[in-house]
Amino acid sequence: TAAYETILVETRGKVGLITLNRPKALNALNSQLVAEINLALDGFERDRGIGCMVITGSERAFAAGADIMEMKDKAYPETYLEDFITAWDRVAQRRKPIIAAVAGFALGGGCELAMMCDFILAADTAKFGQPEIKLGVMPGAGGTQRLTRFVGKSKAMEMCLTGRMMDAAEAERVGLVSRVIPAADLVDEALKVAAQIADMSMPSVMMTKESVNRAYETTLAEGVRFERRVFHAMFSMADQKEGMAAFADKRPAKFSNS
Ligand code: CO8
């Protein structure tokens with residue numbers, strides 16, 4: 001069991017829960033925290049008993065961005081040589097689903113981390129923004145790309161150029177978050193949704209995630225072809241037989257992940 005210093009890592013049944021835990025810096029994402037998230041996700045991905053992960057922060061902040069203190073004195077060759085930020089991409093490359101449960105500030109790298117997850121559940125207190133422009137830089141962990149795909153050019157451009165924050169209601173209206181939940185219920189609701197996903201056939205869940213993500217990587221025709229190949233392949237799975245037999249028998253399905 002690894003000793004984590006910047007996050008809390010728990011399992012709740014078939015769900016892996018990661019709570020960002022640098023309260024004094026509003027969960028600013030330093031390199032240690034990103035490394036620890038990756039380590040925790042590595043463990044959950046290896047664990048056959050885990051079917052879904054949740055990443056959350058505190059009531060006040062999901063994460064107020066990359067750690068400005070850590071990066072302010074970096075020079076260009078250093079950022080290039082250490083491949084600054086590239087480790088973050090590993091969150092987006094995971095095969096099992098990850099839900100971001102966001103309360104309070106999700107700014108800069110915090111907003112980018114939430115967007116790397118598969119969907120975002122927002123507390124009514126959530127505030128999203130890409131304020132890097134105010135620091136004399138710009139988003140560096142996918143913000144200019146992912147925010148634009150979520151909310152369209154006009155709103156993404158305005159937010160990245162001005163640093164304006166979006167509240168939870170606006171974020172839901174424009175499709176950045178899937179749902180808004182009263183802050184007091186956020187983590188319980190995220191764990192409930194994650195448990196629901198973890199009870200499905202895990203190969204079906206992972207293939208579904210892979211297929212939805214294809215929509216962002218290829219043309220419609222190629223994406224639909226990819227989906228059809230995967231769909232046909234599912235008829236080789238015991239879980240397809242079980243899921244459909246259970247429906248016919250009017251009983252709950254019991255999936256074996258095979
Ligand atoms: N980095 C480091 N420390 C931070 C950060 C941060 N991003 N955000 C807040 N803190 C610290 C503050 O310095 C303060 O520390 P201290 O108590 O020691 O002075 C503590 O957290 C509490 O913050 P505030 O006192 O400022 O709290 P307020 O409630 O007054 O304000 C805000 C809250 C509005 C969230 C404010 O803290 C703020 O504007 N924070 C910075 C937000 C920001 O600019 N984020 C973008 C960062 S840049 C970025 O993410 C680039 C991404 C590139 C990819 C990632 C590369 C690794």
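All of these numbers come straight from a predicted model, not from anything done at the bench.

### Quick word on the nonpolar core
Piece 1. Ranked by size, the top nonpolar core spans 42 residues in total, and within it Leu 20, Ile 37, Phe 62, Val 102, Ile 120, Phe 128 and Leu 176 carry the most contacts.
Piece 2. In terms of residue count, helix H1 (residues 31–46) provides more of this core than any other element does, 6 residues in total.
Piece 3. With sequence-adjacent residues up to four places away left out, Val 102 is seen in contact with Phe 62, Ala 114, Ile 120, Leu 121, Ala 122, Ala 123, Ala 126, Phe 128 and Leu 186.
Piece 4. One finds Leu 17, Cys 52, Ala 101 and Ala 198 within the second-largest nonpolar core, a separate group that totals 18 residues.

### Side note on the layout of surface pockets
To find leftover empty space, one rolls a probe the size of a water molecule over the atoms.
Piece 1. Of the pockets and cavities examined, the largest pocket occupies roughly 970 Å³.
Piece 2. In this structure, the largest pocket is lined by 28 residues; those nearest its centre are Ala 92, Asp 118, Lys 209, Asn 213 and Tyr 216.
Piece 3. Put simply, the parts of the chain that give the lining of the largest pocket at least two residues each are helix H4 (89–92), helix H5 (109–116), helix H6 (143–151) and helix H10 (202–214).
Piece 4. Sort the elements by how many residues they give to the lining of the largest pocket and H10 lands first, with 10 residues.
Piece 5. In this structure, the second largest pocket occupies an estimated 610 Å³ of space.
Piece 6. Looking at the second largest pocket, it is lined by 26 residues, and the ones nearest its centre are Met 71, Glu 132, Val 137, Met 138 and Gly 140.
Piece 7. Contributions of two or more residues to the lining of the second largest pocket are made by helix H2 (68–71), H5 and H6.
Piece 8. Per-element accounting of the lining of the second largest pocket gives the leading share, 3 residues, to H6.
Piece 9. Residues belonging to the lining of the second largest pocket are distributed by class as follows: 14 nonpolar, 9 polar and 3 charged.

What counts as what
Residues numbered from 1 in each chain as written. Predicted model: local features only at pLDDT ≥ 70, side-chain atom pairs only at ≥ 80, totals over all residues. Heavy atoms only, no water. Core = buried A, V, L, I, M, F, W, Y, C linked by side-chain atoms within 4.5 Å. Buried < 20%, exposed > 50% of the residue type's maximum accessible area, 1.4 Å probe, protein only. Helix = DSSP H or I, 4+ residues; strand = E, 2+ residues; numbered from the N terminus. Contact = heavy atoms within 4.5 Å. 1 Å grid on protein atoms, 1.4 Å probe; cavity = no way out; pocket = protein on both sides within 12 Å on 5 of 7 lines; lining within 4 Å. Points joined across faces, edges and corners; volume = space filled by probe spheres on them. Nonpolar A, V, L, I, M, F, W, Y, C, P; charged D, E, K, R; others polar.

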